[in-house]
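# Observations on the model geometry
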Amino acid sequence: MDGGFLLVLSGPSGSGKGTVSEALMEKNKDIIFSTSVTTRMPRPGEVNGENYFFTSIEEFEKMVENDELLEHAFVHTNYYGTPKKFVFDEIDKGEIVLLEIDVQGALQVKKKYKDAVFVFLIPPTMDELKSRLVKRDTETEDEIETRYRNAFQELDFVGEYDYFVINDVIENAVKNIEDIIAAEKLRVKRHKDIKREVQAEERKNTK
Ligand code: 5GP
């Protein structure tokens, strides 16, 4: 099948990446989530192998050494990385693989993988971002401050992305990303032989 590609979604902590990607995948079963590896401790309710593969620093370093990660970065206070094999296996099958990663990781992917699509999720305001961080109550005050400070720096990188989406109302943000995916699926470069596809469609209709 033609058409598999990487969809990279970044945005500051508190921009709502997690909520938006969950809603996106709930509606679009053909989008496959790439589960990252992290050295961060699990939060209450997080499941190993589902939200993340939680691992030790030693194991993480081993994965880096063995070139098992497509990208990796030190984000806030922990290591995060994308297992390479899973991503490429799924793309080869023609799937859209969603990478929810920070800007450092996205820049690494951009260098290596030209066909990826880069989307930056922006909170409606920085005040709203702060209040979301406080409300979700999963970080200490210091961690919230770090994430808030980092959010300003991450915004400097929006120019490296193909699209930006403002996450004011979740449904609208999801719709925007669905529209981006729909357009990206129609890129000529993502199809090997469009004439053959048209002929196959014609044969199907005349049966
Ligand atoms: P959290 O600890 O809140 O789950 O994630 C913190 C940050 O790490 C978020 O910006 C998230 O997108 C980013 N992140 C999660 N997984 C990866 C990954 O595999 N690689 C990179 N570079 N960043 C990641």
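In this report, the structure presented in the accompanying data block is examined. This is a predicted model, so every value here is computed, not measured.

## Quick look at the site of the ligand
Close to the ligand lie 17 residues; Ser36, Arg40, Tyr52, Tyr80 and Asp102 are nearest. A distance of 2.7 Å separates an oxygen atom of the ligand from a polar side-chain atom of Ser36. The side chain of Glu71 places a nitrogen or oxygen atom 2.8 Å from a nitrogen atom of the ligand. Among the residues forming the shell around the ligand, the class breakdown is 5 nonpolar, 5 polar and 7 charged.

## Regarding the sheet that holds strand S5 (residues 69-75)
The strand order across the open sheet built from 4 strands is S4-S3-S6-S5, with neighbouring strands paired in mixed fashion. This sheet does not close on itself; its edge strands, each paired only once, are strand S4 (52-54) and S5. In this sheet, neighbouring strand axes are inclined to one another by 25° on average, regardless of whether the strands run parallel or antiparallel.

## A closer look at the side chain of Glu46
Counting through the fold element by element, Glu46 comes out in the loop between strand S3 (36-38) and S4. Only 2.9 Å separates the side chain of Glu46 from the side chain of Arg40, close enough to count as a polar contact. Only 2.8 Å separates the side chain of Glu46 from the backbone nitrogen of Arg43, close enough to count as a polar contact.

## Some thoughts on the pattern of salt bridges
Within this structure, the stated rule accounts for 19 salt bridges. Taking the shortest distance from any N to any O, the salt bridge between Lys85 and Asp89 comes out at 2.6 Å. With a gap of 4 residues between them, Lys85 and Asp89 both fall in helix H3 (residues 84-92), about one helical turn apart. Lys85 sits in the exposed class, given a relative accessible area of 62%. Here Glu184 ties to Arg187 by a salt bridge, and the two come within 2.7 Å at their closest N and O atoms. Look at Glu184 and you get buried, because its relative accessible area is 2%. One connected set of salt bridges, linked through shared partners, spans Arg40, Arg43, Glu46, Arg136, Glu139 and Arg147.

## What to know about a nonpolar patch on the surface
There is a patch of nonpolar side chains on the surface, built from Val188, Ile194 and Val198 and spanning about 260 Å² of accessible area. In this fold, Val198 is placed in helix H8 (residues 194-206).

## Observations regarding the sheet that holds strand S2 (residues 31-33)
Spatially, the 5 strands line up as an open sheet ordered S2-S7-S1-S8-S9, and their pairing is parallel. Each end of this open sheet is capped by a strand with a single partner; those strands are S2 and strand S9 (163-166). The sheet shows a mean angle of 30° between the axes of neighbouring strands, taken without regard to direction. With 3 bridges joining them, S2 and strand S7 (residues 96-100) adopt parallel strand pairing. Residue pairing in the sheet places Ile31 in a bridge with Ile96 of S7. Strands strand S1 (5-10), S2 and S7 of the sheet are contacted by H3, whose axis makes an angle of about 150° with S7.

## Describing unusual backbone geometry
Here Asp67, not a glycine, exhibits a phi torsion of approximately 60°, which is positive. Among the secondary structure elements, Asp67 is positioned in the loop between helix H2 (57-65) and S5. In this structure, Asp137 is a non-glycine residue whose phi angle is positive, near 55°. Considering the arrangement of structural elements, one finds Asp137 in the loop between helix H5 (126-136) and helix H6 (141-155).

## Thoughts on the nonpolar core
Judged by nonpolar contacts, the single largest core of 18 residues is most densely connected at Leu7, Val119, Val165, Ile177 and Ile181. Contributions of two or more residues to this core are made by S1, helix H1 (17-27), S7, strand S8 (117-122) and helix H7 (170-185). Among the elements that line this core, the one with the most residues is H7, at 5 residues. Setting aside anything within four residues of it in sequence, one finds Val119 in contact with Leu7, Val8, Leu9, Ser10, Tyr161, Tyr163, Val165 and Ile180. Counting 17 residues, the second-largest nonpolar core is a separate cluster that includes Leu6, Val87, Val103 and Val109.

Rules and cut-offs
- Residues numbered from 1 in each chain as written.
- Predicted model: local features only at pLDDT ≥ 70, side-chain atom pairs only at ≥ 80, totals over all residues.
- Heavy atoms only, no water.
- Near = heavy atom within 4 Å.
- Polar contact = N/O pair within 3.5 Å; in protein donor to acceptor, adjacent residues only side chain to side chain.
- Nonpolar A, V, L, I, M, F, W, Y, C, P; charged D, E, K, R; others polar.
- Pairing = 2+ DSSP bridges.
- Helix = DSSP H or I, 4+ residues; strand = E, 2+ residues; numbered from the N terminus.
- Axes fitted to C-alpha atoms, helices over the stretch in contact; angles between N-to-C directions.
- Salt bridge = Lys/Arg side-chain N within 4 Å of Asp/Glu carboxyl O.
- Buried < 20%, exposed > 50% of the residue type's maximum accessible area, 1.4 Å probe, protein only.
- Patch = residues over 30% accessible without salt bridge, like charges linked within 9 Å, V, L, I, M, F, W, Y side chains within 5 Å.
- Areas by Shrake-Rupley, 256 points an atom, 1.4 Å probe, with all protein chains shown as cover.
- Contact = heavy atoms within 4.5 Å.
- Core = buried A, V, L, I, M, F, W, Y, C linked by side-chain atoms within 4.5 Å.

Fair warning: the whole summary comes from geometry, so function is off the table for now.
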